[in-house]
Amino acid sequence: MLASDIMFKTVYDGLLDLFFPRNCLVCRGWHPSTAELVLCPQCLERIPANSPPFCSHCSRHLPARTDDGLCGDCRKNPPAFDQAWVAARYEGLLVELVRQHKFSGKTALRRTFAHIILAFLRHYKITLTADMIVPVPLSSVRLRERGYNQSLFLAQALGQYSGIPVRTDILERPSASLRQSGLGRKERFTNMQEAFRINPSVTLQKRTIILVDDLLTTGATASQAARTLKEHGASTVTLLALAAA
Ligand SMILES: [Zn+2]
Ligand SMILES: [Zn+2]
């Protein structure tokens, strides 16, 4: 880096701090790393990490190890993805941050969410290998409401980290997909059939895919997306998600 670049960056950062003081979004305290992540290290630590024992299929935290290594849901109704990694538990501070992110457009939180998922991968020494990274798309109606797709931002961060190409032209979500709130678990599942389709001009034969989602609630959406990818020839679908409820 040239000295002039450094100088520019310093002056620029100084001006930014002057006009947009970047204190921790939660405790309002300041720490050098806060500028990068919006949260200070103490508040970051309050985000409940996903911890072992993990369900060997969906990676949700198990209260105690089970004989087959699976959680009850995966035993009864195995998801269509082959494996999953979930970085955090959707509880406490994370619930509040996700809500802020969705409804008050605090887009700076994106970097914090990406940080959480990358820190998890580093901590468990998980190496990402796949032909492509595919974010779970939002329907165009949802996208218009929210203005952005959180899963896409996570996918881009994972792409930068791993060097694996991010493909947004593979999986499509027709806007006719029905609203799911207010439906029971079973109905949700049925409702999701047909919810995704594959761009007819791409081929997925024997491709390995990392599917990226932000939050897993029942896991039905991610499972349906994985099923659609596999029905069109994908050999392995690994799910990576920020958090699971
Ligand atoms: Zn803080
Ligand atoms: Zn499971």
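Residues numbered from 1 in each chain as written. Chains lettered and ligands numbered in written order. Predicted model: local features only at pLDDT ≥ 70, side-chain atom pairs only at ≥ 80, totals over all residues. Heavy atoms only, no water.

1. Notes on the coordination of the zinc ion (ligand 1)
On the protein side, the zinc ion (ligand 1) has Cys24 (SG), Cys27 (SG), Cys40 (SG) and Cys43 (SG) as donor atoms, found 2.3 Å from it. Classification of the site at the zinc ion (ligand 1) as tetrahedral follows from its 4 donor atoms and the range of 105 to 116 degrees in their angles at the metal. (Donors = N, O, S within 2.8 Å, 3.2 Å for Na, K, Ca; no water. Tetrahedral: all angles 85-135°; square planar, octahedral: opposite > 155°, others 65-115°.)

2. Here we look at the coordination of the zinc ion (ligand 2)
On the protein side, the zinc ion (ligand 2) has Cys55 (SG), Cys58 (SG), Cys71 (SG) and Cys74 (SG) as donor atoms, found 2.3 Å from it. Classification of the site at the zinc ion (ligand 2) as tetrahedral follows from its 4 donor atoms and the range of 105 to 113 degrees in their angles at the metal. Mapped onto the sequence, the donors of the zinc ion (ligand 2) take the spacing C-x2-C-x12-C-x2-C. Taken as a pair, Cys58 in the loop between helix H3 (41-45) and helix H4 (72-76) and Cys74 in helix H4 lie far apart in primary sequence, 16 residues in all. For Cys74, a relative accessible area of 4% corresponds to the buried category. (Helix = DSSP H or I, 4+ residues; strand = E, 2+ residues; numbered from the N terminus. Buried < 20%, exposed > 50% of the residue type's maximum accessible area, 1.4 Å probe, protein only.)

3. Re helix H6 (residues 109-123)
Relative to the 21 Å expected for 15 residues at 1.5 Å per residue, H6 spans 21 Å between its end C-alpha atoms, a close match to the ideal helical length. All of the buried residues in H6 are Leu109, Thr112, Phe113, Ala114, Ile116, Ile117, Leu118, Phe120 and Leu121. Just downstream of H6, Lys125 is the residue with a positive phi angle, here 50 degrees. (Expected span 1.5 Å × (residues − 1).)

4. Some remarks on the confidence of the model for the protein
Any residue range with low pLDDT should be treated as having predicted coordinates unsuitable for detailed reading. With 82% of its residues at a pLDDT of 70 or more, the protein shows a mean pLDDT of 84. By mean pLDDT, helix H1 (residues 3-19) is the weakest element of the protein at 51, and strand E2 (residues 132-135) is the strongest at 98. Low pLDDT (under 50) marks residues 1-7, which in the prediction has 1 contact with non-local residues, meaning those over four places away or in another chain. (pLDDT = per-residue confidence, 0-100. Contact = heavy atoms within 4.5 Å.)

5. So, the packing of H6 against helix H8 (residues 150-162)
In contact at an axis separation of 9 Å, H6 and H8 are set at 50 degrees when each is read in the N-to-C sense. Viewed along their axes, H6 and H8 adopt a mutual orientation that is oblique. Crossing geometry of H6 relative to H8 is assigned as right-handed. Of H8, the residues touching H6 (which contributes Arg110, Phe113, Ala114, Ile117, Leu118, Leu121 and Arg122) are Gln150, Phe153, Leu154, Ala157, Leu158 and Tyr161. Across the contact of H6 with H8, the residue classes break down as 10 nonpolar, 1 polar and 2 charged. (Axes fitted to C-alpha atoms, helices over the stretch in contact; angles between N-to-C directions. Parallel < 35°, antiparallel > 145°, perpendicular 65-115°, else oblique. Left-handed = near helix turned anticlockwise from the far one by under 90°. Nonpolar A, V, L, I, M, F, W, Y, C, P; charged D, E, K, R; others polar.)

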